[in-house]
Amino acid sequence: MNPTIYDVSRLSGVSTATISRAFSNPELVRESTRRKVFEAAEVLHYYPNAIARAMARQRTDKIAFLICKKDATILDEFYAGICEGIMRETNKSVHQLVISTAADWGAMPSTAQNKQVEGVILGGNAPADMVTDFQSRNIAVVLVNNRVAGMELPCVISDEYEGVRLAVEHLISRGHRNIAMIAGRFSPYIVGERYSAFLAVTREHGIRVDAQHVKMCDAAVESAAQAAMDLLRRKDRPTAVFGANDVIAGGVMKAARRLGMRIPEDVSVVGFDDSSVCTMLEPELTSVHINCRRMGELSVERLQALLSGKGECQMTTVVPTELRVRGST
């Protein structure tokens, strides 16, 4: 026999009216009470009738998370962390979650529209026309790990400037003054933020960055390695390199090894993202940690605020970053 709302009431000690409210309007129920309800529902494997609820409220309770990154899959490590946070937060609410890449979603527009989502979280480099298309259909939009110029949208981002500051000041504390940066051709917002922060922080410390010590490359290990080889062969070669993400930093380390250089004795290397690759390298890579799961949780909170229409939705939410120091510096 399937469990009923009365079973949940008995186990949680909460009235059926409050249980109904916890699933339909969770923001109206105290967190401690919601926790009792959801824990009891999980133990009993109780799920409210989503179809009946949607008909009664004239809402579908569906939201979507779309990964807007070239050649991305839902297994992409960075966005998998964000997705975990989105799923955790969505599971506390009445919403049903659809997960896709932007490419797969856009390839089947009729199917996508038939999903009847009420809101979307766009992760990464979301095209402006995709945003305006959702808005034209009165679908709420929240950005995560991105900002779109000229559009006032709620966005959840990591503290890029603080992350770069921590990385660069760490290198300076190790005695480095000749510091280079290799940036990848990925999200324009992320590259722009990290590049601007790098120039600002070095300038704050009176360090002049030679234009030849800032390189662009494809977001791939071999491309980064080639860019690093060009840097490390120079007579005025840098003693430290900041890679705009961990893949690029890994390419720098690969180039240094090819040139017979020791890390960190001959060149120190710092990455950004604190991905799993950091502990696979030898020595392990110092990197800026981003709390992806928290970014995912907050993006759901912002979307739910938009959908409820109660109070103002915070437009920009910044998640702190921290430096994880390892053997590469």
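What counts, and where the lines are drawn
- Residues numbered from 1 in each chain as written.
- Predicted model: local features only at pLDDT ≥ 70, side-chain atom pairs only at ≥ 80, totals over all residues.
- Heavy atoms only, no water.
- Axes fitted to C-alpha atoms, helices over the stretch in contact; angles between N-to-C directions.
- Helix = DSSP H or I, 4+ residues; strand = E, 2+ residues; numbered from the N terminus.
- Parallel < 35°, antiparallel > 145°, perpendicular 65-115°, else oblique.
- Contact = heavy atoms within 4.5 Å.
- Nonpolar A, V, L, I, M, F, W, Y, C, P; charged D, E, K, R; others polar.
- Salt bridge = Lys/Arg side-chain N within 4 Å of Asp/Glu carboxyl O.
- Buried < 20%, exposed > 50% of the residue type's maximum accessible area, 1.4 Å probe, protein only.

**A look at the packing of helix 2 (residues 16-24) against helix 3 (residues 31-44)**
Contact geometry of helix 2 with helix 3 gives a least axis separation of 10 Å together with a crossing angle of 90°. Considered as vectors, helix 2 and helix 3 are oriented roughly perpendicular to each other. Across the interface between the two elements, Thr18, Ile19, Ala22 and Phe23 from helix 2 touch Thr33, Val37, Phe38 and Ala41 from helix 3. A per-class count over the contact of helix 2 with helix 3 returns six nonpolar, two polar and no charged.

**Focus on the pattern of salt bridges**
Going through the model one piece at a time under the given rule, you end up with 22 salt bridges. As a salt-bridge pair, Glu84 and Arg293 come within 3.8 Å of each other at their nearest N and O atoms. Placement of the pair is Glu84 in helix 5 (residues 77-90) and Arg293 in helix 13 (residues 292-308), with a sequence separation of 209 residues. Take Arg293: its relative accessible area is 36%, and that puts it in the partly exposed class. In this structure, the salt-bridge partner of Asp274 is Arg324, at a minimum N-O distance of 3.3 Å. Residue Asp274 is located in the loop between strand 9 (268-273) and strand 10 (286-290), and its partner Arg324 is located in strand 12 (residues 321-324); the two are separated by 50 residues in the primary sequence. Residue classification places Asp274 among the buried positions, given a relative accessible area of 14%.

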